[in-house]
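Given next are the chains, with one letter for each unit.
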Amino acid sequence: DQQVKQNSPSLSVQEGRISILNCDYTNSMFDYFLWYKKYPAEGPTFLISISSIKDKNEDGRFTVFLNKSAKHLSLHIVPSQPGDSAVYFCAASDPGTSGTYKYIFGTGTRLKVLA
Amino acid sequence: GAGVSQSPSNKVTEKGKDVELRCDPISGHTALYWYRQSLGQGLEFLIYFQGNSAPDKSGLPSDRFSAERTGGSVSTLTIQRTQQEDSAVYLCASRLDFTSTGELFFGEGSRLTVL
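Reading the values: rules and limits
Residues numbered from 1 in each chain as written. Chains lettered and ligands numbered in written order. Predicted model: local features only at pLDDT ≥ 70, side-chain atom pairs only at ≥ 80, totals over all residues. Heavy atoms only, no water. Helix = DSSP H or I, 4+ residues; strand = E, 2+ residues; numbered from the N terminus. Rg over C-alpha atoms; globule rule 2.2 N^0.38 Å. Buried < 20%, exposed > 50% of the residue type's maximum accessible area, 1.4 Å probe, protein only. Contact = heavy atoms within 4.5 Å. Lys, Arg positive; Asp, Glu negative; His and termini not counted. Charge placed at Lys NZ, Arg CZ, Asp CG, Glu CD. Pairing = 2+ DSSP bridges. Phe/Tyr/Trp six-rings, centres within 6.5 Å; stacked < 30°, edge-to-face > 60°. Salt bridge = Lys/Arg side-chain N within 4 Å of Asp/Glu carboxyl O. Buried area = accessible area lost by both parts, 1.4 Å probe. Polar contact = N/O pair within 3.5 Å; in protein donor to acceptor, adjacent residues only side chain to side chain. Nonpolar A, V, L, I, M, F, W, Y, C, P; charged D, E, K, R; others polar. Disulfide = S-S within 2.5 Å.

A. Quick look at the overall build of chain B. The helix and strand inventory of chain B stands at zero helices and 10 strands. The order of helices and strands in chain B, counted from the N terminus, is β-β-β-β-β-β-β-β-β-β. What you see for chain B is a C-alpha radius of gyration of 13 Å, in line with the 13 Å of a compact globule of 115 residues. Considered along the principal axes of its C-alpha atoms, chain B spans approximately 40 × 30 × 25 Å. Of all 115 residues assigned to chain B, the portion counted as buried reaches 48%. Here the analysis covers contacts within chain B between residues at least 6 apart in sequence; of these, 55% occur between residues at least 24 apart. Across chain B, the 11 positively charged side chains and the 13 negatively charged ones have centroids separated by 4 Å.

Written out as structure tokens, the structure is:
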């Protein structure tokens, strides 16, 4: 069963507009969430994270929103740039019973920013 | 280098052969993860080494897969009697402290092709 879900496999956005990438999770014990960006033939790189005690975290053009009651998070990129075209993964940290933080990733959303 | 290093970057093997993939994490990182990404799929968790504790092997897809982490540093993922469905990019990641949350740092991956 997929505990972290990204239901949109792809998204196209015009340059300068807002990109919104969504992620849903099923485990209410997840306490830390991250977004990663991946270019072809490269490893994923960290973008932004949020703790479960917050509902928003902002870093430049990137903002992550967390809705714990809905078990939903989203990544907003504004303004979108062609260099943002990549696959975006959300991830959740499962502290487990012994507090050892297994990280579970979603299936990814391919973002294409059109010039 | 300062990042996570993986080797080989590309491996082509024949069905039935054994392969070893190596990961050299960032120095001092106590948590080490292996994931794989099959074509068009997300990041599938394989195994998690957490300090000197027993690893979380819950993601290994079969008993043909095994991994070791020697001396709390370098890790080797071994796939015995490879099958075509093992073809994927195998990604290693490390994190500073397995007892708390924090950013995962990924290597560039080892692309395995089983003919």
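Moving on from the coordinates now.
B. Up close: the side chain of T13 of chain B. In this structure, T13 of chain B sits in strand β2 (residues 10–13). Residues within four places of T13 of chain B in sequence aside, it is in contact with V19, T82, L112, T113, V114 and L115 of chain B.

C. Molecular detail of the pairing of strand β6 (residues 65–69) of chain B. All names here are of chain B. A one-sided burial pattern is seen for β6, the buried positions being F65, A67 and R69 and the unburied ones S66 and E68. Relative to strand β7 (residues 75–79), β6 runs antiparallel, the two being bridged by five bridges. Its bridge partner being in β7, F65 is matched across the sheet by I79. Hairpin connection of β6 to β7: five residues between the antiparallel strands, including G71 at a positive phi of 60 degrees.

D. Quick look at the packing of aromatic side chains. Following the criterion strictly, the structure yields 13 aromatic pairs over all chains and no others. Ring centres of F30 of chain A and F33 of chain A lie 6.5 Å apart, and the angle between their planes is 80 degrees; this geometry places the pair in the edge-to-face category. With respect to class, F30 of chain A is no different from F33 of chain A; both count as buried. Arranged with centres 6.0 Å apart and planes meeting at 70 degrees, the rings of Y35 of chain B and F45 of chain B form a pair that is edge-to-face.

E. The pattern of salt bridges, seen in detail. In this structure the tally under the stated criterion is six salt bridges over all chains. Note that E58 of chain A is salt-bridged to K56 of chain A, the shortest N-O span being 3.9 Å.

F. Summary view of the interface of chain B and chain A. On the side of chain A, 19 residues touch chain B, which itself brings 23 residues to the contact. Summed over both sides, the interface between chain B and chain A buries roughly 1700 Å², with carbon and sulfur atoms accounting for 61% of that surface. The interface formed by chain B and chain A contains one salt bridge. The partner of K102 of chain A in a salt bridge is D56 of chain B, with the nearest N and O atoms 3.8 Å apart. Counting across the interface, chain B meets chain A through four residue pairs in polar contact (both at pLDDT 80 or more). Residue classes in the side of chain B that touches chain A are distributed as nine nonpolar, 10 polar and four charged.

G. View of the state of the cysteines. Tallied over the entire structure, the rule returns two disulfides over all chains. Covalent S-S linkage joins C23 of chain A and C90 of chain A, the inter-sulfur distance amounting to 1.9 Å. Classification of the bridge connecting C23 of chain A and C90 of chain A rests on its S-S torsion, roughly 60 degrees, and on that basis the disulfide is right-handed. With C23 of chain A in strand β3 (residues 19–25) and C90 of chain A in strand β9 (residues 86–94), the pair connects residues that are 67 residues apart, well separated along the chain. The disulfide bridge from C23 of chain B ends at C92 of chain B, spanning 1.9 Å between sulfur atoms. Between C23 of chain B and C92 of chain B the sulfur-sulfur dihedral comes to about -65 degrees; the bridge is accordingly left-handed. Separated by 69 residues along the polypeptide, C23 of chain B in strand β3 (residues 19–24) and C92 of chain B in strand β8 (residues 88–95) bring together distant segments of the chain. Taking the relative accessible area as the measure of exposure, C23 of chain B reaches 0% and is therefore buried.

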